Amino acid sequence: MLFSPEGSTPVKSFLNIGAFVLRVLGFFFILFFFERLLFVVFYFPELLGEAGFQETLRAFYMPFRLDLSAAAYFTVIPFLLSLGFLFVGHQRVRTVLTKVITVLILVFAALTILIHVGETVTYQEWKSKLSSRVFVHLAHPTEVVRTATPAYMVEFALMVLALGFVVWLLYCKLLKRATPVAVPSSWFRRFAIGLPALLFYVFLLIVAIRGGLGRYPLGISNGYFSNYHIVNDASVNTIWNFGDKWLRYRKGNLDQFFGKYPQEKAEDITRMLLSDHDSLTTKVVQKDTFNIVFIVLESWSAQMVEALGGVGAPSVSKVAGEGILFERVYAASWTSQKGNASIFSGYPALPRSPINQQDEKIRSLPSLPRSLGDYNSEYHYGGDLDFGNIGGYLVNAGFKKLFDEDSLSSLQPRGRLGAHDEATLPYFYDQLERAGKGDKPFFYSLFTLSSHSPYDIPGLTDWPTGGEWAAYAATVAYADEHLGRFFEKVRHSAIYDNTLFVMIADHGRTNEYNPFPYNDKMYHIPMIWWGGVIKEEFRGAKVDKIGAQYDLAKTLLSQMGREVSGYRFSKDLLNKGSEGFAMYEHHNGYGWVDANGYFAFDFDRNKVVESEFTDESAFADAYENSRAFITAVYRDFLF
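Numbering of residues begins from 1 in every chain and follows the order in which that chain's sequence is written. Per-residue local features of the predicted model are confined to residues with pLDDT of at least 70, and side-chain atom pairs are confined, for both listing and counting, to 80 or more; whole-chain, interface and lining totals are unaffected and use all residues. To obtain the side-chain values, all non-hydrogen atoms of the structure were included, while hydrogens and water were left out.

Below, the discussion takes up the pairing of strand 13 (residues 607-611). The pairing of strand 12 (residues 597-602) with strand 13 spans 4 bridges and is antiparallel. Each residue of the ladder has a partner; that of F599, found in strand 13, is S611. Counting the residues between successive antiparallel strands, the hairpin from strand 12 to strand 13 contains 4 residues, one of them, N606, with a positive phi of roughly 55 degrees. For two strands to count as paired, DSSP must find a minimum of two bridges between them. Comment: elements are numbered from the N terminus, with helices defined as DSSP H or I runs of at least four residues and strands as E runs of at least two.

Shown next as structure tokens:
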């Protein structure tokens, strides 16, 4: 492993230890180059179309320090183990030590390959580097396998093989033929070589890890140099990013972003933003007590709904025209688990802090099932509620009964995720009819499934020409068709007159009409109220006030005359005195929308990365409001 012929001098031994350090550093540094090359080749049309060749080329040399830092992390342990050759003379032990170091390096290489390939494949849908979201998915590996499309799996396997071949070549050229350093003749010489080597090379590795001798250590922001997100994503070292996100996920600590904002000021501004007056609420329902049905639409973006200016979803758009359409509602997040928590607990989502993963915090939140404690409450889903701890959240939120794939295994047709909407919607209608015959009002929810990858709806055996986005659009159309049939049955049933139906998406997603993960369009979702309890004069009405998923709770409960004080971050969208705004968390920061525009803030870069504001004063106000609001939410989340 270490080049050092027998009888070499202490100086040569010292230098040969350095040669080993350089070989391991080079091994990983070159591997990172080929990993980045793989990403660039795979997404070359997008990179070329958005940024051009020269800007893309910069992604190979701008992140030099990040690559060197990641390589140095991987080199530290093999280097420390290699010092053992100075003190071990027994050939068998030396052989074992050589194998241990070799295996360790190859394990590190395999780890970086798996992480990088996983990121490259998932980038097609997530349009971002791996974030703390991945740790939620990795907690349920079977769900990862089930949601992966065959194309993803093939791509994953081929990329792993390609990078595995690179590792084999690098191993043969840099590591395989090396021989261990000779054991010095005396203990004095061993320490005379070993101690300086330890101090000197550890110092160099620490300098490489921290990115130099400057005042501040290296950070992910050192890899961001471009105005194009995809170029920055190609640039930032995958291992550095993954390790950073893992540490932040473990800590769940956002103090570095919000800790310095004055708490009292944050509370004052937030109180102002959420202030309203009960007398200003427009009553759109005919009575205070009625049945409530939520249909949570999986991954439905506003761009997929005609009624919201998009394309498709004629059935849902027809229902919107007969009920109340909330035109400017935004998802709180981009995951189902956070979306459900925002919908049913009226609580905003925080970056890097999945509240639904922390049972003690879930229990402290208000929730619609508990606020409607006299109602029979059920939640139905054709898939697995263990994913993302959605089931755990729903139990803690107070739903009296949960039904998922374990109890709905007989429903057909099915896909890899579970029962398709074609099966669950008729089943759910039967449950509503049963509930309607009871002596208590009911609060029932259905979470649709078919518009989530792998998009394996019946009849879609081959993906359309447009690829994944076209497949996504096809599954939304499929869900819309069966939702249309469901509402047609409801319209002519006894359920209709005394029930309010609420359709709202759990989150949006990138699509053909909006490929950008930070953009407010990514989070723009449908929210529609429909049913016989809506007053005649409001059927066909549109509400253009800006709001978010977490505003649904207070808006609904205010219509029913229920207590809403516990929903401290939710506002009444039907109150004329409430402020119109929405905050959403994206992969690595947050976004803010108000009447003057939107902006997205990125934590790693510590700056606004997208903005539609044209008036500097309006932007300054929005930025201040956003900092105050998210700080208040974070403080509440902590305490």
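Looking at where Y634 falls in the secondary structure, it is placed in helix 22 (residues 616-638). Here the term buried applies to any residue with accessible area under 20% of the maximum for its type, exposed to any over 50%, and partly exposed to those in between, with areas from a 1.4 Å probe on protein chains only. Look at Y634 and you get buried, because its relative accessible area is 1%. Distance in space between the C-alpha atoms of Y634 and A349 is 9.5 Å, their sequence separation being 285 residues.

Turning to the packing of helix 4 (residues 64-82) against helix 5 (residues 91-126), a few remarks are in order. Here the axes come from fitting lines to C-alpha atoms, over the contacting stretch only for helices, and the angles between their N-to-C directions go from 0 to 180 degrees. Where helix 4 contacts helix 5, the axes come no closer than 10 Å and their chain directions differ by 175 degrees. The pairing of helix 4 with helix 5 is recorded here as roughly antiparallel in orientation. Taken together, the residues of helix 5 that come into contact with helix 4 (itself represented by F74, I77, P78, L81 and S82) are L97, V100, I101, L104, I105, F108 and T112. For the contact of helix 4 with helix 5, the class distribution of residues is 10 nonpolar, 2 polar and no charged. For this classification, under 35 degrees means roughly parallel, over 145 means roughly antiparallel, 65 to 115 means roughly perpendicular, and everything else is oblique. For this analysis, residues touch if any pair of their heavy atoms sits within 4.5 Å. Side-chain classes follow a simple rule in which Ala, Val, Leu, Ile, Met, Phe, Trp, Tyr, Cys and Pro form the nonpolar group, Asp, Glu, Lys and Arg form the charged group, and the remainder, Gly included, forms the polar group.

Once that is clear, we can look at the pairing of strand 11 (residues 589-594). Summarising burial for strand 11: 6 of the 6 residues are buried, a large majority. Alternating residues of strand 11 divide into G589, G591 and V593 and Y590, W592 and D594, and every residue in both groups is buried. Pairing of strand 10 (residues 581-586) with strand 11 involves 6 bridges; the strand directions are antiparallel. When the bridges of strand 11 are listed, E585 appears paired with Y590. Taken together, strand 10 and the strand that follows it, strand 11, pair antiparallel across an intervening segment of 2 residues. Of the pairings in the sheet, the one linking strand 11 to strand 12 comprises 6 bridges and is antiparallel in character. Bridge pairing links G591 to A600 in strand 12. Connecting the antiparallel pair strand 11 and strand 12 is a turn made up of 2 residues.

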